[in-house]
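Tertiary structure, described
If you want the building blocks of each chain, they are given just below.
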Amino acid sequence: MSTLLLKNAKLLVTMDPQRRQIENGGLFVRDSVIEQVGPSADLPATADHVIDAHGMAVLPGMVNTHHHLYQTLTRCLAQDDGLFNWLRTLYPIWARMTPEAVYVSAKVGLAELLLSGCTTSSDHLYLYPNGSRIDDEIRAAQKIGIRFHATRGSMSLGESKGGLPPDSVVEDEAAILKDCQRAVETFHQGHRYGMVRVALAPCSPFSVTPDLMRESAALARSYKSPEPGGAGGVRLHTHLAETLDEERFCLETFGKRPVEYVESLGWTGDDVWHAHCVHMAADEIALFARTGTGVAHCPSSNMRLASGIAPVKAWRRAGVRVGLGVDGSASNDSSHMLAEARQAMLLQRVTGDPGALSAQAALELATLGGASVLGRDDIGALAPGMAADFIAYRLERLEFTGALHDPLAALVFCTPVGVDLAVVNGQVRVQDGHIVDLELQPLIARHSAISRAMIRDEKVPGQRGDW
Ligand SMILES: [Zn+2]
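Residues numbered from 1 in each chain as written. Predicted model: local features only at pLDDT ≥ 70, side-chain atom pairs only at ≥ 80, totals over all residues. Heavy atoms only, no water.

1. With respect to the side chain of Asp271
- Inspection of the secondary structure puts Asp271 in the loop between helix 7 (258–264) and strand 11 (272–276).
- Those residues in contact with Asp271 that lie beyond four places of it in its chain are Arg221, Arg235 and Leu236. (Helix = DSSP H or I, 4+ residues; strand = E, 2+ residues; numbered from the N terminus. Contact = heavy atoms within 4.5 Å.)

2. Section: the pattern of salt bridges
- If you walk through the whole model with that rule in mind, you get 25 salt bridges.
- The salt bridge partner of Glu35 is Arg30, with a shortest N-O separation of 2.7 Å.
- Overall, the relative accessible area of 34% leaves Glu35 in the partly exposed class.
- Across the pair Arg429 and Asp437 runs a salt bridge, and its minimum N-O distance is 2.8 Å.
- Here Arg429 falls in the buried class, since its relative accessible area comes to 10%.
- Judged by its relative accessible area of 52%, Asp437 falls in the exposed class.
- Ionic contacts of the salt-bridge type, sharing partners, join the residues Arg133, Asp135, Arg152, Glu171, Asp179 and Arg182 into one network. (Salt bridge = Lys/Arg side-chain N within 4 Å of Asp/Glu carboxyl O. Buried < 20%, exposed > 50% of the residue type's maximum accessible area, 1.4 Å probe, protein only.)

3. Focus on the coordination of the zinc ion
- Protein coordination at the zinc ion: the donors are His66 (NE2), His68 (NE2), His239 (NE2) and Asp327 (OD), at 2.1 to 2.5 Å from the metal.
- In this structure, the zinc ion is surrounded by 4 donor atoms whose angles at the metal cover 86 to 173°, and the resulting shape is irregular.
- Along the chain, the residues that donate to the zinc ion are spaced as H-x1-H-x170-H-x87-D. Take His66 and His68: they sit in the same class, and that class is buried. (Donors = N, O, S within 2.8 Å, 3.2 Å for Na, K, Ca; no water. Tetrahedral: all angles 85-135°; square planar, octahedral: opposite > 155°, others 65-115°.)

4. With respect to the pairing of strand 7 (residues 118–125)
- With 8 of its 8 residues buried, strand 7 lies for the most part within the structure.
- Looking at chain direction, strand 6 (residues 62–64) and strand 7 are connected through 3 bridges and run parallel. Directly across from Met62, in strand 7, lies its bridge partner Cys118.
- Note: strand 7 against strand 8 (residues 147–154), 6 bridges, orientation parallel. When the bridges of strand 8 are listed, His124 appears paired with Thr151.
- Once the chain exits strand 7 it traverses helix 3 (residues 134–144) before rejoining the sheet at strand 8, and the crossover so formed is right-handed. (Pairing = 2+ DSSP bridges. Right-handed = clockwise from strand over helix to strand, strands pointing away.)

5. A word on helix 11 (residues 337–347)
- With respect to burial, helix 11 is a largely interior element, 8 of its 11 residues being buried.
- Those residues of helix 11 that fall on the buried side of the exposure criterion are Met337, Leu338, Ala339, Glu340, Ala341, Ala344, Met345 and Leu347.

6. Overview of the environment of Val262
- Of note, Val262 is situated in helix 7.
- Judged by its relative accessible area of 0%, Val262 falls in the buried class.
- For the pair Val262 and Leu240, spaced 22 residues apart in the sequence, the C-alpha separation amounts to 8.6 Å.
- The residues contacting Val262, other than those within four sequence positions of it, are Met213, Leu240, Trp267 and His274.

Following this line, the structure appears as structure tokens:
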């Protein structure tokens, strides 16, 4: 048993049902779980580990609901292309990935996320060349100490069968399903506070067959949830309704709009979340609300690829579950959660409604919304019984000066900054703005060497190592 006390926070934002914001607040943690939250004066006087959060804003750790960590290796390519041409440029480069590339890139992306305030991330890894496995990125997440929802992605519909990806990067469907089963049975921790969970994630309507969608759903749903109400089960994830090109593809190939198509395959429900969903009709939004289907909203990527503006306001009005995703680093090209909350807030306003998404609402998407989309009731808020996942930002700084009459708004409106403190599952992972046990420079150097070699189609120089 060990205890942790955080006290004297200038502002503690709970995201609890009352949305309490506590001045001079703190919290008390036993092992990995929050036991008390309140004014510092009401908390135990001491603990095994005491953190003085004087001058800081403390928030629940943010939750990233969509990413492709391997894409940190291929940033700033196909800079002026839309989704399909962007993908056609990148597939052959991604085909050169190795297990080491998956591990190193995941470590880089997760370090960047953690330093920006994200304590739970999902990742969508959907191509496995040269012996790569989902295990490679799960190992990276365990080293970084972040809570991780690995989604075992897949592509099976190559160019020769009418799909978008080249045949060289697609897998056989029987092998995909067998590896999905292995990944779930090896890594999925469905119990409350589980640090690693696995979801099944065929990549997109234009890269897998309807059969694989159906089989993946049947496999995920064959695992019984260990927690009441379905929490902790094996979830389903894919890309959907991202661009008008995709909509045309679905109408031509399946005779259905993207949402209609996935509905016909059983891909709606409270165990499903879709990335993007930029192009949705009113009845499709109502369907998502009625069925509890979740959405990962990725504003930076939608802007970068000119995909469109997702109907976040309509989703929220209808009661659709919405979280935020930074999306892959080849279409963002960063993994900064606070920056993504800011983008979400700003993008909703450009259609002419300055009140479309407030700073508070953007942070709710980044915390409570993400937790809900990932099917978790143990993260996203600071309250007794929740996992001890929290972050803190120093407020007296150049970026925020002049805005400290409203520290919460400062975080979202002003230039996005990194955290000074991050605690995940009761463990201090970031202190004074640095990950406690990670040397970044050697990791960056190796990542850079792998990236260069992949882009130029050369052999990676030097030795493999545990960077
Ligand atoms: Zn994506």
